[in-house]
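So the chains spell out like this:
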Amino acid sequence: MSVFQKVLLLGTGPAAVQLAVLLKKQGDSQVGIVGRESVRSAPFFSAVKQSNQRLSVHIQNEKHHRLAGECVLDHVFCGYETVAGEWDTLILAVTADAYIEVLKQLGPQIVRKASRVVLVSPTFGSASLIRQFFTELQAEAEVISFSTYLGDTRWLEGSPSHQVITTGVKKKVFIGSTHTPSAAVQAIGELYEQVGIELVAMDTPIEAETRNISLYVHPPLFMNEFSLRVVFGEEKVKKYVYKMFPEGPITQEVISDMLGQWKEITGVVEKLGLKAVNLLQFMTDDNYPVRPESLSRHEIEHFPYFEPIRQSYLLYIRYTSLLVDPFSEPDEDGKYFDFSAVPIRTMFVNKAGEWDIPRMPKEDYYRVKIIRGIAAHLGADCPKMDKFIATYERKLEEAASRLAGAALSDAFRVQSFENDVQMICRELGKARDYAVNRHNQ
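Residues numbered from 1 in each chain as written. Predicted model: local features only at pLDDT ≥ 70, side-chain atom pairs only at ≥ 80, totals over all residues. Heavy atoms only, no water.

Within a sheet, neighbouring strands are paired by backbone hydrogen bonds and run either parallel or antiparallel to one another. Reading across the sheet, the four strands line up as S4-S3-S10-S9 and stay open at both edges, with mixed pairing between neighbours. In this open sheet, the two edge strands, each paired with only one partner strand, are strand S4 (69-72) and strand S9 (151-155). Between one strand and the next, the sheet's axes are offset by a mean angle of 25°, whatever the strand orientation. Helix H1 (residues 14-26) rests against strand S3 (54-59), S4, S9 and strand S10 (163-169) of the sheet, and its axis sits at about 100° to S3. (Pairing = 2+ DSSP bridges. Helix = DSSP H or I, 4+ residues; strand = E, 2+ residues; numbered from the N terminus. Axes fitted to C-alpha atoms, helices over the stretch in contact; angles between N-to-C directions. Contact = heavy atoms within 4.5 Å.)

Structure representation (structure tokens):
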């Protein structure tokens, strides 16, 4: 891992802790971590100080033992503006909507000296956003996007500390860089191989960003009337993300919306000259498989070519097949593991004493607004995305009205994210112009 000499992790969540331990365990990097000075991050910084900057990763499943371990951080910074020194690698382990805000707080003197920026959980267009940010700073850096974080990591005791537990690990993750070939991507590939994760290199960052399943399934599952009634506290009975109505949001209409949004994203992807995702194949081969008795290989591989009614039917079959874990061992009563029982989280009071919205659908709102903005720039109509946005913003305003007088986080504001959209589109425009000029030469 000698390509990563001095690595600064931006963010103080569980993913940052796991990545710090992984980097220190497998390589010889100096690793620092920085986060906002806030009520939310205070317990983390306090725990790290008390542990003498030692971080610990535990695992739930023994087969993931290579991700477990401890490390001692070389540097800890409380507040982005306090960062000192030179860092060749910046790893953004914050939500995609915070990328620009965090880099601005870090300051141009730190950012300009970075050789590369790694985006742990980007959305469609995030690498273009970062590239344009560097262009405006008159700086140059390699930008690397993962399709998604490597697994599921959470706080060991449920609240921020110096200890986390990784409960799930992905078999395959996609990655793309603005530099080809990339010594950094090769080094990350070797690192991931050591912990049993297949890293698939794409030609560009945005192609890796299209390989995030959340982009395709979260908006239809969360940005609908049923789920948002739960999120905003109107529904008092617990409901579940991946269950059929009335236990969860999945109906014929939601499946139709999921199919329609996939087609809209496919249209945007193809306008950019990229290879589109076969949604059903991506769901089954790269995420959660189902039994061949439920979906045949022919149906999976030929999904894009079927009529819409058959495509909807196959998506519905896919979700009903995963109501239970089809590969789990049944108990003595013949019951399989209740795989779909993932509760829809409700709004909550955060550590700053403000009402806040869960990561899902808060992140999905940003995700959809960004890709919808890119689509508008390309002249593409997206009625399904428009439906998601309209439903979410209406429920958001209704909730804010009911909570009038209470302290609300910024998540309760209707937002355009127009600055991010404009920066992304400027960068995509440059990329398209370059591709056209290269083709004409």
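Now that the structure is up, let's keep going.
Evaluated as defined, the whole model comprises 15 aromatic pairs. For the ring pair Phe 44 and Phe 45, a centre distance of 5.5 Å and an interplane angle of 70° mean the geometry is edge-to-face. Look at Phe 232 and Phe 412: their rings are 6.3 Å apart centre to centre, the planes differ by 55°, and that puts the pair in the tilted class. Within this pair, whereas Phe 232 is found in the loop between helix H9 (225-231) and helix H10 (252-271), its partner Phe 412 is found in the loop between helix H15 (383-402) and helix H16 (418-440), the two being separated by 180 residues in sequence. Residue Phe 232 shares its accessibility class with Phe 412, and that shared class is buried. The aromatic ring of Trp 87 is capped on one face by Lys 6, whose charged end is 4.7 Å from the ring centroid. We note Arg 318 situated over the ring of Tyr 319; from NZ or CZ to the ring centre the distance is 5.0 Å. (Phe/Tyr/Trp six-rings, centres within 6.5 Å; stacked < 30°, edge-to-face > 60°. Buried < 20%, exposed > 50% of the residue type's maximum accessible area, 1.4 Å probe, protein only. Lys NZ or Arg CZ within 6 Å of the ring centre and 35° of its normal.)

This part is about the environment of Glu 207. Here Glu 207 shows up in helix H7 (residues 205-209). Linking Glu 207 and Leu 272, residues 65 residues apart in sequence, is a C-alpha distance of 10 Å. Excluding its chain neighbours within four sequence positions, the residues that come into contact with Glu 207 are Met 202 and Leu 274. Of the polar contacts made by the side chain of Glu 207, one reaches the side chain of Thr 204; its length is 2.9 Å. (Polar contact = N/O pair within 3.5 Å; in protein donor to acceptor, adjacent residues only side chain to side chain.)

Once that is clear, we can look at the pairing of strand S2 (residues 30-35). Within a regular strand, the side chains alternate between the two sheet faces. Extensive coverage of S2 is indicated by the burial of five of its six residues. Pairing between strand S1 (residues 6-10) and S2: five bridges, direction parallel. When the sheet's bridge partners are listed, Leu 10 is paired in S2 with Val 34. With H1 bridging S1 and its parallel neighbour S2, the resulting β-α-β unit is right-handed. In the sheet, S2 pairs with strand S5 (residues 75-78) via four bridges, with the strands oriented parallel. Across the sheet, the residue bridging to Gly 35 is Cys 78, located in S5. (Right-handed = clockwise from strand over helix to strand, strands pointing away.)

Two side chains of opposite charge can pair, provided their charged atoms sit close to one another. The tally for this structure, following the rule as stated, stands at 30 salt bridges. Residue Arg 297 pairs with Asp 285 through a salt bridge whose shortest N-O separation is 3.0 Å. A residue pair is termed long-range when its members are at least 10 positions apart, and Arg 297 in helix H12 (residues 297-301) and Asp 285 in helix H11 (residues 279-285) qualify at 12 residues. Taking the relative accessible area as the measure of exposure, Arg 297 reaches 40% and is therefore partly exposed. Residue Asp 285 is classed as partly exposed on the basis of its relative accessible area, which comes to 37%. Where Asp 410 meets Arg 413, a salt bridge forms, and the shortest distance between an N and an O atom there is 3.9 Å. The network of salt bridges with common partners includes Glu 225, Arg 229, Glu 234, Arg 394, Lys 395, Glu 398 and Arg 402. (Salt bridge = Lys/Arg side-chain N within 4 Å of Asp/Glu carboxyl O.)

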